[in-house]
Structure formats: C-alpha cells, structure tokens
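Summary of the model geometry
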Amino acid sequence: MRSFVGVLLLLAQLLAATHAQELRKNYVVHLEPRDDVSADAVEAWHRSFLPEAAPASLADGGDSGPRIIYSYSHVLTGFAARLSDGEADAMRSRAGCLRLYPEEFLPLATTHSPGFLGLQLGKEGFWSRSGFGRGVVIGLLDTGILPSHPSFGDAGMPPPPKKWKGACEFKAIAGTGGCNNKVIGARAFGSASVNSTAPPVDDAGHGTHTASTAAGNFVENADVRGNAHGTASGMAPHAHLAIYKVCSRSRCSIMDIVAGLDAAVKDGVDVISFSIDASDGAQFNYDLVAIATYKAMEHGIFVSAAAGNAGPTVGSVGNGAPWMLTVAAGTTDRAIRTTVRLGNGQEFDGESLFQPRNNTAGRQLPLVFPGASGDPDARGCSTLPDDVKGKVVLCESRGISEHVEQGQTVNAYSGAGMILMNKPEEGFTTFADAHVLPASHVSNTAGSKIAAYIKSTAKPTASITFRGTVMGSTPAPAVAFFSSRGPSKASPGILKPDITGPGMNILAAWAPSEMHPEFVDDVSLAFFMESGTSMSTPHLSGIAAVIKSLHPGWSPAEIRSALMTSSDTADHAGVAIKDEQYRRASFYAMGAGYVNPSRAVDPGLVYDLAPNDYIPYLCGLGIGDEGVHEITHRRIECGKIKAITEAELNYPSMVVKLLSQPITVRRTVKNVGKAGSVYRAVVEMPKEVSVTVRPPVLRFAKVNERQSFTVTVRWAGKQPAVAGAEGNLKWVSPEHVVRSPIVVPPAKVVA
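Note that the structure is a prediction, hence the values are computed from the model and not measured.

Considering all chains together, one arrives at 4 disulfides under this definition. A disulfide bridge connects cysteine 168 with cysteine 179, and the sulfur atoms are separated by 2.0 Å. Because the torsion about its S-S bond is 95 degrees, the bridge between cysteine 168 and cysteine 179 counts as right-handed. One end of the pair, cysteine 168, is in the loop between strand S6 (137–142) and strand S7 (183–188); the other, cysteine 179, is in the loop between S6 and S7, with 11 residues separating them in the sequence. Exposure remark for cysteine 168: the relative accessible area of 16% places this residue in the buried category.

This next bit is on helix H17 (residues 624–632). The set of residues buried in H17 consists of Gly627, Val628, His629, Glu630, Ile631 and Thr632. For H17, the elements touching its buried residues are strand S1 (25–31), strand S4 (97–102), helix H8 (288–298) and helix H16 (614–620). Where H17 ends, the next residue or the one after it, histidine 633, has phi of about 65 degrees, a positive value.

As a rule of thumb, non-glycine residues mostly have phi less than zero, and peptide bonds are mostly trans rather than cis. Residue proline 312 is reached from glycine 311 by a cis peptide bond, and omega for that bond is 0 degrees. Assignment of secondary structure puts proline 312 in the loop between strand S14 (302–306) and strand S15 (325–330). Omega for the peptide link from alanine 476 to proline 477 comes to -5 degrees, which places this bond in the cis form. One can find proline 477 in the loop between strand S22 (461–471) and strand S23 (499–502). Not every positive phi belongs to a glycine, and tyrosine 582 is a case in point at roughly 65 degrees.

So, on to the packing of aromatic side chains. One pass over the structure, following the stated rule, counts 16 aromatic pairs. On the basis of an interplanar angle of 65 degrees and a centroid distance of 5.0 Å, the ring pair of phenylalanine 709 and tryptophan 731 is categorised as edge-to-face. Of the two residues, phenylalanine 709 sits in strand S32 (residues 706–715) while tryptophan 731 sits in strand S33 (residues 725–732), which places them 22 residues apart along the sequence. Exposure class is identical for phenylalanine 709 and tryptophan 731. Each is buried. An aromatic cluster is built from Phe284, Tyr294, Trp323 and Tyr614, whose rings are joined through pairwise contacts. Residue placement shows arginine 99 over the ring face of tyrosine 286; its charged tip is 3.9 Å from the ring centre.

Moving on: helix H6 (residues 206–215). For H6, the tally of buried residues reaches 10 of 10 residues, placing the bulk of the element in the interior. Where H6 is concerned, the buried positions are His206, Gly207, Thr208, His209, Thr210, Ala211, Ser212, Thr213, Ala214 and Ala215. Of the surrounding elements, those touching the buried residues of H6 are S6, strand S10 (240–245), strand S24 (506–509), strand S25 (527–530) and helix H12 (533–550).

With their axes 7 Å apart at the nearest point, H6 and H12 run at an angle of 35 degrees to one another. By crossing handedness, the relation of H6 to H12 is classed as right-handed. Taking contact as the criterion, the partners of His206, His209, Thr210, Thr213 and Ala214 in H6 are, on H12, Ser534, Met535, Pro538, His539 and Gly542. Residues that form the contact of H6 with H12 fall into these classes: 3 nonpolar, 7 polar and no charged.

Bringing the nonpolar core into the picture now. With 105 residues, the main nonpolar core has Ile257, Trp323 and Leu563 as its most contacted residues. Here this core gets 9 residues from one element, more than from any other, and that element is helix H7 (residues 254–267). Once residues lying within four places of it in the same chain are set aside, the contact partners of leucine 563 are Phe302, Leu325, Ile499, Leu540, Ile543, Ile547, Val595 and Ala600. If you look at the next biggest cluster of nonpolar residues, it comprises 25 residues, including Val691, Trp731, Ile742 and Val744.

So, on to the sheet that holds strand S26 (residues 605–606). Strand order across the open sheet formed by 4 strands is S26-S28-S32-S30, with antiparallel pairing between neighbours. Bordering the open sheet on either side are S26 and strand S30 (689–694), each of which pairs with just one other strand. Sheet topology places strand S28 (residues 663–671) next to S32; 8 bridges connect them, and they run antiparallel. The partner of lysine 670 across the bridge, within S32, is arginine 706.

Moving on, we get to the sheet that holds strand S11 (residues 247–248). Adjacent strands of a sheet form backbone hydrogen bonds with each other and so pair up, either parallel or antiparallel. In spatial order, the strands read S5-S12-S11; together these 3 strands make up an open sheet with antiparallel pairing. In this open sheet, the two strands that pair with only one neighbour each are strand S5 (105–106) and S11. Sheet topology note: the S11/strand S12 (residues 251–253) ladder contains 2 bridges and is antiparallel. Opposite serine 248, over in S12, you have arginine 251 as the bridge partner.

The next subject is the pattern of salt bridges. When charged atoms on two side chains of opposite charge get close, those side chains can pair. A full pass over the atoms with the stated rule returns 25 salt bridges. Residues lysine 657 and glutamate 646 are paired through a salt bridge, measuring 3.5 Å at the closest nitrogen-oxygen approach. Of this pair, lysine 657 sits in the loop between strand S27 (654–655) and S28 while glutamate 646 sits in the loop between H17 and S27, placing them 11 residues apart in sequence. Classification of lysine 657 as partly exposed rests on a relative accessible area of 34%. Glutamate 646 gets classed as buried once you look at its relative accessible area, which sits at 14%.

Confidence in the prediction for the protein chain averages 87 pLDDT; 86% of positions are at 70 or higher. Considering only residues more than four positions removed or in separate chains, one finds that residues 192–196, a stretch of pLDDT under 50, has 7 contacts.

About the thresholds
- Residues numbered from 1 in each chain as written.
- Predicted model: local features only at pLDDT ≥ 70, side-chain atom pairs only at ≥ 80, totals over all residues.
- Heavy atoms only, no water.
- Disulfide = S-S within 2.5 Å.
- Helix = DSSP H or I, 4+ residues; strand = E, 2+ residues; numbered from the N terminus.
- Buried < 20%, exposed > 50% of the residue type's maximum accessible area, 1.4 Å probe, protein only.
- Contact = heavy atoms within 4.5 Å.
- Phe/Tyr/Trp six-rings, centres within 6.5 Å; stacked < 30°, edge-to-face > 60°.
- Lys NZ or Arg CZ within 6 Å of the ring centre and 35° of its normal.
- Axes fitted to C-alpha atoms, helices over the stretch in contact; angles between N-to-C directions.
- Left-handed = near helix turned anticlockwise from the far one by under 90°.
- Nonpolar A, V, L, I, M, F, W, Y, C, P; charged D, E, K, R; others polar.
- Core = buried A, V, L, I, M, F, W, Y, C linked by side-chain atoms within 4.5 Å.
- Pairing = 2+ DSSP bridges.
- Salt bridge = Lys/Arg side-chain N within 4 Å of Asp/Glu carboxyl O.
- pLDDT = per-residue confidence, 0-100.

So this is what it looks like as structure tokens:
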C-alpha cells in the first residue's frame, strides 16, 4: 500500500512539474540601473526579483532548466528568466522593473566581391595600405563557425590585442580545431528551448559563411563545384574574429542575442556584425536589439546590421536605429551563367550553380508549363502531371528558400530540366542555386516570353546550355529584389537602409549543414554561394574594421559617415544604379549608395554623433521620458531639453518632410583630410525642389576642425500633390567629394 501511495505522490509531482513547465514562459526582464550594485552582486540582485517561494534554480522545483537563464550587465540592465503568467504580472509591478519582453525568435537574414569592390593586393593596393584590418576585433553573432576551415587559419595574423577579455569554448572539443590568432574567442548561447550544452560549432553553414566574408584569411583555389574559381578572402583578412553563437540553424532567440551582445561588449570587440533580421516596426524602446546596440555604440563599438529580406515591400526595413549601419543587398558583375534556347531561336540568360560537365547544349527537349491553366500549385510546380517525364518544365518561383525544392519536385517526376521564372515583383534578380537537375533561373520578363512561346506553338521545345562563370555581367551593381526597403516605421525621418553591399551569390566558407541537406555528406564542399542581406552585412563589417584599423580614434558615427558619403550611386557602366526592375534605384532601396571601400578610408569630411547627441532626437520621437530612459539607461526629462526632429539629427543623409513651408536643417562636419582644405557646396535636385546651403563654402584651417552649415529645402513652385523628390548635397574639394542624399518623401509617406 505504501509503495502504491508513493507512486501516486510521484505521479502527482510529475504532473505538477509538467503543468508548471507548461505555464512558464521565457522573458527578458529590463530593470532600472543601480549604481550601488557591484559586478559580483549583479546575479544575486537579479535573483531577488524572483518570487520568494521560487528557487533561483529549478533543479529542485520540478521544472527543467534554471529560472534565471542569463544575467545581463553591459548592453541591458536585467536578466532572462522563466516565469509563469502570474509571476510575470507580479514582476511588472515591482519597483525597479521597467518592462518585460516575452521571448521571440528572429530569423537569419540569408571570392569575387573584394575585387568587385576595388580591393587589391600589392604595394599600392587598398589592402596593403590599410593593413588588412590588423588589430581590430569583429564580433559575429550568428550560428557559430567551423573552426577547422582554412579561412580561419592564422597565417600572418598578429596575437590578440591586450584589451581582449574573451573566452574560447572550442579548446575542449575534439576534432573541431580551436581558437588561434584569427579566431580569438568563441562562445555559445542556448536558452532553455535550445541545447544549452552545444559548442559554438556551426550547424547551419550561415555563420561560417558570414564570418569568412567579414574577415576570412586568404585561401587559394576556392570554388563551388568548379565555379567562381579564385582566391577567397574576407573584407578584413587580418582582423580577429570573436564568435558568438546565438542561433541554432535559422532559429535565433532574442534572449540569446542579448546575451551575445552583452558578452561581445564585455569581451572588447571593435565591430559587431549582425546578420539577423529584427523588428521592422517596433518603437526603439520596445526593440531589444536597438536598446542593446545603443549601449554597444556608447562603448565605441561599430554595429553593422542586416536591413532584412522582406523587399521589395515599402517600409519593410528592419534594424533601423540610427546608431546602427543598416545594410541592403546588391549584385556583383559575376554570374554562373546558363542560357535557355527555345525552339524558335530565342535565347534567354539565367543562372544555376548546377553546371554539368556533359553539356547537352543544342539538344532540344519538349517544353511544358503546367501552370498555364492558372492553377497556382501547378504554376509553382508544387504538383505536377505525370506527363512531364523527359521534358523541360517551366515553374514560377515560390520564394528564395524553395528554389531547390522546386527542382527536386521536377526531378522526382522525372523531368529532364527546369526553367525557374521570377514572379513580377522579383524582376531581374536571379540566383545561382545548387539545383539537383539541369536548370536555369531567369527573370520575370524572360519567363513571360517563354510562357508566351509555349502557348503559341503545338510542340514547344527548349535546351539549357551551361556556360560556367561569366564576368562582366550587366547591369552591376543592382539592388536585389528581396532587400528590405525604407522608410523605417520606427523612425521614418532617418533614411534607412544606410548603404548597399554585395549580397547576391556570394562565395564564402561553408560548413555542412541540415539547411542544405543535399550537401550534408559532401565533405569536399569547403565553399558555397549564399544570398541575402546576411551576406551584404559582413562585407560592411569587414570594411568598417579596415577603416577602424586605419583610424582607431574614429567614433562609430564617423565610420558610418565615411562609408555613406563615399558610396556610389552609379554602376560600373557609369549610369544610375538600378533596382530589381531595372529602374533607377531609390534611396529607400539602396540607402546612400553602393559601398566604395577605397574612398571610404579617406572621406575628407565626416558627420559625427556622440551618444548624448541621440537624446534630443529620441525625445523628438515622442516616446516619452520613460522610453528614452529605457534606451539610454539615463533619467531624462525631455521637457527640460530642446528636442529635435529626425531631420535635425547630424546624420549623413537628410529626409525632409516638406509641406508648404521651407524646412531648414543644420549639419556639422569634421575635417579628417588635410589642413587648408576648401569645400564648395554642389546641389543636385529636381527642378521642383529648391535647396539653399549657407555658407556655400567651407574652409578648414586644420585637421579635425569642425564647421557647421544649414540646408534650406522648399518647393520651387506649386507643391506637388503626391510625388516626392531625391537628390544630393555634395561638398567638393580638389581631392574629395562628400555626398549626402536629400530625400523629400512622397505625400503619402509624410502623412
């Protein structure tokens, strides 16, 4: 009888524990900062906020995992914990508790680019002059890395800087390599919903790819299945890497992200590379990434963050806080070329990473379009008729992540090949995907013509020719369709994204992963091509590291300014950069322009912002004293300071919400060029808009001298009803052109 009662009690305890576990959720708890709590006492202070009856660890409470998951101290005052709904409500009413954030999961934003950007070796090359980013530490928040990859070898690398305080979790893991003078730190962060004992080894391929893009060392004879052959390297090949694994495959917990940011600041990184898609609309005081990166900026750390992959939708840009560099994705001039030839002789270029050696060029096969009937499933080749066997199948794209899967479906039905056509909104952006059968990804324009040909003849045919790597593809660069667009919902008066970098078909280091199961067993695949703002972001992180190496005293705002004001608005043919529809790209699509590293290291003038300079701007956003306090961790009374509009922040770009009255904004620049420099204002705006700059000439007697000017913007005639306008203010000297975009939003955006 006793044993039976014992079993019942045990079952009751198990049921209670299970019920408690179901009720508890993960939260980030944001606390009021306290100066009287020492570093050693932080965790004890955090535990004091837990319910009195609850232990700090749940090991003896029946639930799994600790109640406090993380204690934050550098980018956020607070902790992450597991709480029931009642406990969360009680904690919200506790003195000193600012806000609770329920756990959310953010998605990842998923060799030729150095040359395309003008980075060159040799005595006069940009890299040699810059020292390859030597001495700078890039902290990468991602899925970890494969430490044994040759891109992370430390040949030619100096030892870690003396300031470095980070730890390495690779050393106890057999067979994975370890930390060295290239990878000087590696840590894994896993919440209760992820395997918390996992080392920082990449299980997705994404982190290895982004880390090597930012700072991979030189690796000769890199290619992907024989394509894009050359020497691979990151933007800052001699910068150090600190790895913070905050994502498992494509799943990134906000608790782990804040913990990684907290550790990166504590460890002493100089640059943070953040290829994770964040909220595209939350006020900054509700956005933990914005709050944490504000504190990183206060510590002098430059943050490069992905704009997101929700384009071309207007207002989809994420990571839009002005203390971050928000990076859009563009193309390069390299294509992994395929050519579709129809039975009537028409030819259309496309792309595919599948490049069979037994090229069957000229072999015309039957061509079908199952979606001609209008069935959306058939149009996207989700379902196929049995009669596609031995035929080339035209499929409409179902989205970036499903391209290979669509080919797998065609292959499963014994189709001979696939032509993948873009949807109308995807325009001319094509991917070099790792297809499993002969395939060609073509533009919407090409796909529409192929579909029309199929409809026009009784026996349509097509062949696919594989041409391998082709350089000089045009137009280049262009903005990729998926790259998220401005304006920012949280702060539409700041132009976001800030800048565009290479983000299409980027070759970089690779780790076998379940994200690409077709390659999990391919141990020879050391490099792979990926696309996304995840890929453009580490390009800018690495270039920022090079600038930091050359100018160690520059602030994050000065580095951002150098990148933006030196960027290109013309492509390699000298015409305006285009978007995915081959129309002139707007500043809301590309930011200030496409990055030009060689000019960014010597920008002439820079727009600077100290941490305190953001406070009047934050007050002007209307988030209230408490909102400003949550971001800055300072007690601010907005009523006692002069708030400014977004347009008045000393930013390198200007968004002027112009109605009937003229708008005047003030800017201050610092001379980082030569003493005795003279700059003259040159305005490029449509005739409908008048811009006056006072004074029109800036004379700098010495280096680091600051001078201010005003820009007055007005409608030149009758105010247009809807249309906005875009142009540039250029400060021109014999040695430099310092360009700032000017955007007058359309009336519907102003409203």
